[in-house]
Amino acid sequence: MKEDRIPMIQIDNTIISMDCLSEKFCCDLDSCKGICCVEGDAGAPVELEEVAALEEALPVVWPWLSASAQSVIDRQGVVYTDEDGDLVTSIVHGKDCVFTCYDDRGYCYCALEKAYREGKSHFYKPLSCHLYPIRLKTIGDTICLNYHRWSVCRMAVLKGCSLNLPVYRFLKVPLIRRFGEAWYAELEAAVEELKKEGYFEMN
């Protein structure tokens, strides 16, 4: 095992933390009940170009939103700037994302994703949500991909370990959404090369 000797790899203008390749993860909705849509002290990070997509999807998802969420959106819109100066989705009572809904089991789900899956919207959900547990950080022209550890996702880690599913494979679709097929193919090739060189063991 040589993992400590190579903490990250670079592809084009992206730097990928080794944790994104070696750590295991797989969402376990039956265990967490979608709590990631509720926990936290701010909304989900949103790219400026995503705001228009959120507003376009709003009429479709509006009937599914709580009265409290509708009130927040009426007052401040679908996004706001948090204490760190980041653009994030608006939240209700300092917790729930305004796009959070609940089913009859009490599970949280994303109204945006529901609309997309039902063919009523072209916008899936904010990229930051789709990419979780990877967080993106831009430094100059470089985009850093880091694995974010969160206690509410401990069952997702256990499920990922049981399936031997690395974070980057669990997030193949959103990674391709953000960086493209060619980038992801290069990432897979880099991982295979690292395995041959014995930096870490992965299937």
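Residues numbered from 1 in each chain as written. Predicted model: local features only at pLDDT ≥ 70, side-chain atom pairs only at ≥ 80, totals over all residues. Heavy atoms only, no water.

## Regarding the pairing of strand 9 (residues 134-139)
- By the bridge criterion, six bridges tie strand 9 to strand 10 (residues 142-147) in an arrangement that is antiparallel. Bridged to Leu136 within strand 10 is Leu145.
- In sequence, strand 9 turns back onto strand 10 through a hairpin of two residues, with Gly140 there showing a positive phi of about 65 degrees. (Pairing = 2+ DSSP bridges. Helix = DSSP H or I, 4+ residues; strand = E, 2+ residues; numbered from the N terminus.)

## Describing the sheet that holds strand 10
- Ordered by their spatial adjacency, four strands build an open sheet running 1-2-10-9, and the pairing between neighbours is mixed. Both outer strands of the open sheet, strand 1 (8-11) and strand 9, are each paired with one neighbouring strand and no more. Neighbour to neighbour, the strand axes of the sheet diverge by 20 degrees on average, direction disregarded.
- As paired elements, strand 2 (residues 14-17) and strand 10 share three bridges and run parallel to each other. Opposite Ile16, over in strand 10, you have Leu145 as the bridge partner. (Axes fitted to C-alpha atoms, helices over the stretch in contact; angles between N-to-C directions.)

## Brief notes about the nonpolar core
- Counting 28 residues, the largest nonpolar core has Ile16, Leu21, Leu145, Leu175, Trp183 and Leu187 as its most contacted members.
- Looking at this core, the elements with two or more residues in it are strand 1, helix 1 (19-22), helix 6 (127-131), strand 10, helix 8 (167-170), helix 9 (172-179) and helix 10 (181-196).
- When residues in this core are grouped by element, the largest group, five residues, is from helix 10.
- Ranked by size, the runner-up nonpolar core spans 23 residues in total, among them Val51, Val79, Val98 and Phe123. (Core = buried A, V, L, I, M, F, W, Y, C linked by side-chain atoms within 4.5 Å. Buried < 20%, exposed > 50% of the residue type's maximum accessible area, 1.4 Å probe, protein only.)

## A look at the packing of aromatic side chains
- Applying the stated criterion to the full structure yields four aromatic pairs.
- When the centroid spacing of 6.3 Å and the interplanar angle of 35 degrees are considered together, the rings of Tyr168 and Tyr184 count as tilted. Here the residue Tyr168 occupies a position in helix 8, and Tyr184 occupies one in helix 10, the gap between them amounting to 16 residues. The pair formed by Tyr168 and Tyr184 is uniform in burial state, with each residue classed as buried.
- An angle of 25 degrees between the planes, with centres 4.5 Å apart, marks the rings of Phe179 and Trp183 as stacked.
- The ring of Tyr107 carries the charged tip of Arg105 above its face, separated from the ring centre by 3.8 Å.
- In this structure, Lys114 packs its charged tip against the face of Trp64, placed 4.7 Å from the ring centre. (Phe/Tyr/Trp six-rings, centres within 6.5 Å; stacked < 30°, edge-to-face > 60°. Lys NZ or Arg CZ within 6 Å of the ring centre and 35° of its normal.)

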